[in-house]
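Chain by chain, the residues:
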Amino acid sequence: MSGQEVRFHGVGVAPGIARGIVFLHHPDDEEPPKRRIDDSEVAREIARFETALIATRAQILEMQQRIAEAIGAKDASIFDAHLLVVEDRTLIDEVLRNLEREKFNVEFVFAEVANRYARTLSEIDDPYLRERAFDIHDVTRRVIRNLLGRSTKTLSTIDLPQVVVAHNITPSDTATLNRQMVLGFATDVGSRTSHTAIMARSLNIPAVVGLKDVSQRLRPGDHVLLDGTNGMVILNPSDHTLWEYGEIELKLEHVEEVLTSLRDTSSTTVDGRHVILSANIELPEDVPLVLEAGAEGIGLYRTEFFFLNKNDLPSEEEQYATYRTVAESILPQSVIIRTLDLGGDKFLSHSHLPTEINPFLGCRAIRFCLDRPDIFKAQLRAILRTSALGNVRIMFPMISGLSELRQAKEVLETCKAELREEGAAFAEEIELGIMIEVPSAVLVADALAREVDFFSIGTNDLIQYTIAVDRVNERIAHLYEPTHPAILRLIEMTVSAAHANGIWVGVCGEMAGEITLTPLLLALGVDELSASAGLVPRVKKAVQTLDNKECSRLLEEIRGLDSATEILARCEEVARRHYAELLN
Ligand code: PEP
Ligand code: MG
């Protein structure tokens, strides 16, 4: 018999309804709990440790066999090194010694010892030993999962359709998840513009974040209904709730039918103003969704997702193959390939970069690339070679001023010269753009506009850096206001600098997919909107029902207002008048 219905309220970040059983996800890098133990518990902890090592060994052997059958014994032999870790006497003896001396629970002691081993190896300048550090890391996670009795299944290996519940889901988790099996996401923390939320929208997976302690209140196998539109998770939904949601789903289906019928129509206002409507992608697998959505190409390809969760950096060849697949499948439309935006909330799993106190203000994006010309050049060469197809543009993220732009352009020119020398084909006149997402870039936008072919405003970061509000921190989410007058002025300044210098300007931050704000963005004069593929049809419908003159009147009215809430309310009024059915 099902239990009492319980409702958890959070923030809906990807629309839609999901029903299913709970898969409780624990990130692999979650710290194991730390607990003091008595003398009397030592023997039990040792026994737990032995059982976990045996279980881990069995799992590795099983995986090795599966891989040997699927792709051959050679690839499966990489697990030999993992087996050596579970059998390593020095490591095991040190864990036992520390356990008896320090008297903490064994998962804590084991993690401490194993992480120290891995760290020492990773710091030695020897590729073989660095590989061993990864092996230790992998096996440590597995042993700890076994000690904690957690499923060894991860988001990439779950094999039943389930609703994923977690304290947090990182962009790396989402980069490799098994998308057929994830019905919805529900997390304790998170925000609308975190890359996890962005990924959920791209994948069309309903998601609710900011649910506080939902991951502690739900158990694996619980029945839940997740409402990504209204930001709610309902445990044990009653028959009445299920009926209500059945009705809502029927209405949504109708709206979806209307939206699907717009696929081949143009995003033009009733009085004939066309705004280019493109889609953002994170992985090549997203391209079919872009085509289905009826977008005019890809306005932002976040290439860094291809770098997450990999043991090695993808080579130039691997990148070339990937970018080429994307560019070919979107032809005759074009793709804007953004160069790596690592850092912030997206980190390489294998890099041993120093941890930063303020990663969003640290060595992120173009700063990381200029610091690592080897990585930057491999990517630029791969993009340039792809440009031979004729539908590729390049975009640099997080440009903060002219000298940074010039440095990046210099690296691009070096890559072009190398390819010319090698006789490799590429588009000499490839269009180059930059993201406008740092306030300093807006203030010098006229100078930047003279050196590039287009701008794309990254409102996610522009808002975070302008209002000084961490985009992934749910405690201050109320301060994250896209309609803050300062943001509107910055967008207006960017548009005017771009147009004065004869270049086009788009918006590729999440604001572009917020249909409440479409009238405002049109009035601010942007030439392109690039949103998650799942949101593109809604934005198209919004544009098609709006009147450009009415949008301009809205902007005039808003100029007299100085509160973000009032401005938002005015936008909502206009949106509700034109497309209320899309807002509910
Ligand atoms: C942005 O900052 O608005 C943007 C589109 O880039 P990202 O979300 O990847 O930082
Ligand atoms: Mg950004």
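All values reported here derive from a predicted model rather than from experimental measurement. (Residues numbered from 1 in each chain as written. Chains lettered and ligands numbered in written order. Predicted model: local features only at pLDDT ≥ 70, side-chain atom pairs only at ≥ 80, totals over all residues. Heavy atoms only, no water.)

Under the 1.5 Å per step criterion, the end-to-end length of helix α4 (residues 89-102) is 19 Å for 14 residues, consistent within 8% with the ideal 20 Å. Among the residues making up α4, those that are buried are L91, I92, E94, V95, N98 and L99. Considered in projection along α4, the buried side chains sweep an arc of 160° and stay on one side of the axis. The exposed set on the far side of α4, more than 90 degrees from its buried face, consists of T90 and R101. Structurally, the start of α4 carries an N-cap: the backbone nitrogen of T90 is 3.0 Å from a side-chain oxygen of D88. Just beyond α4, the residue with positive phi is K103, at close to 60°. (Helix = DSSP H or I, 4+ residues; strand = E, 2+ residues; numbered from the N terminus. Expected span 1.5 Å × (residues − 1). Buried < 20%, exposed > 50% of the residue type's maximum accessible area, 1.4 Å probe, protein only. Arc of directions from axis to C-beta. Polar contact = N/O pair within 3.5 Å; in protein donor to acceptor, adjacent residues only side chain to side chain.)

Reference values for angles at a metal are 109.5 degrees in the four-donor tetrahedral case and 90 or 180 degrees in the six-donor octahedral case. Coordination of the magnesium ion (ligand 2) by the protein comes from E437 (OE) and D461 (OD), over a distance range of 2.0 to 2.1 Å. Within this pair, whereas E437 is found in the loop between β13 (431-436) and α16 (439-443), its partner D461 is found in helix α18 (residues 459-467), the two being separated by 24 residues in sequence. Across this residue pair, the class does not change: E437 and D461 are buried. (Donors = N, O, S within 2.8 Å, 3.2 Å for Na, K, Ca; no water.)

Ordered in space as β1-β8-β7-β3-β4-β5-β6-β2, the 8 strands form an open sheet in which the pairing is mixed. Whereas interior strands pair on both sides, the edge strands pair on one side only; in this sheet they are β1 (6-9) and β2 (11-14). Between one strand axis and the next, the sheet turns by 30° as a mean value, whatever way the strands run. The pairing of strand β5 (residues 182-187) with strand β6 (residues 207-209) spans 2 bridges and is parallel. Bridge assignment links F185 to a residue of β6, and that residue is A207. (Pairing = 2+ DSSP bridges. Axes fitted to C-alpha atoms, helices over the stretch in contact; angles between N-to-C directions.)

Moving on, we get to the state of the cysteines. According to the stated counting rule, one finds 0 disulfides in the structure shown. You can see C571 has no disulfide; the closest cysteine sulfur is in C551, sitting 9.4 Å from it. Note on C571: relative accessible area 0%, which makes it buried. (Disulfide = S-S within 2.5 Å.)

Next up on the list: the packing of helix α12 (residues 316-330) against helix α14 (residues 373-386). Closest axis-to-axis distance for the α12/α14 pair is 8 Å, and the angle between their directions is 40°. In this structure, α12 crosses over α14, and the sense of that crossing is right-handed. From α12, E316, E317, Q319, Y320, Y323, R324 and A327 reach across to α14, where they touch A378, Q379, R381, A382, I383, R385 and T386. Taken together, the residues that form the contact of α12 with α14 break down as 6 nonpolar, 3 polar and 5 charged. (Left-handed = near helix turned anticlockwise from the far one by under 90°. Contact = heavy atoms within 4.5 Å. Nonpolar A, V, L, I, M, F, W, Y, C, P; charged D, E, K, R; others polar.)

Our next topic: the nonpolar core. Of all hydrophobic cores here, the largest spans 122 residues; its most connected members are F396 and F455. Per-element accounting of this core gives the leading share, 7 residues, to helix α19 (residues 485-500). Both of domain 1 (6-26 + 154-249) and domain 3 (276-533) provide at least three residues apiece to this core. Membership of the second largest hydrophobic core comes to 32 residues, among which are V42, I92, A133 and V139. (Core = buried A, V, L, I, M, F, W, Y, C linked by side-chain atoms within 4.5 Å. Domains from an automatic or database assignment.)

Moving on, we come to empty space enclosed by the protein. Summed over the entire model, instances satisfying the criterion amount to 1 cavity of 30 Å³ or more. As a volume, the largest cavity reaches approximately 70 Å³. What lines the largest cavity is a set of 15 residues, and nearest its centre among them are R302, R338, M435, E437 and N460. Where the lining of the largest cavity is concerned, the elements lending two or more residues are β10 (298-302) and α18. The biggest single contributor to the lining of the largest cavity is α18, with 3 residues. Of the residues that constitute the lining of the largest cavity, the class distribution is 3 nonpolar, 5 polar and 7 charged. (1 Å grid on protein atoms, 1.4 Å probe; cavity = no way out; pocket = protein on both sides within 12 Å on 5 of 7 lines; lining within 4 Å. Points joined across faces, edges and corners; volume = space filled by probe spheres on them.)

This brings us to the site of ligand 1. In the vicinity of ligand 1 lie 17 residues, with H195, R302, R338, N460 and R471 positioned nearest. A distance of 2.7 Å separates an oxygen atom of ligand 1 from a polar atom in the side chain of R302. Contact with the protein chains hides 100% of the accessible area of ligand 1, taken as 290 Å² for the molecule alone. Elements with a minimum of two residues in the shell around ligand 1: α8 (195-203), β10 and α18. (Near = heavy atom within 4 Å. Areas by Shrake-Rupley, 256 points an atom, 1.4 Å probe, with all protein chains shown as cover.)

A few words on the sheet that holds strand β9 (residues 276-281). As summarised here, the arrangement of the 8 strands in space is β9-β10-β11-β12-β13-β14-β15-β16, forming a closed barrel in which the pairing is parallel. For this sheet, the mean inter-axis angle between neighbouring strands, taken without regard to orientation, is 30°. With 3 bridges connecting them, β9 and β10 associate as parallel partners. Paired with I281 across the strands is Y301, a residue of β10. The strands touched by α8 within the sheet are β9, β10 and β16 (528-532), with β16 carrying the most contacts at an inclination of about 90°. In this fold helix α21 (residues 536-545) packs onto β9 and β16, with an angle of close to 165° to the strand it touches most, β9.

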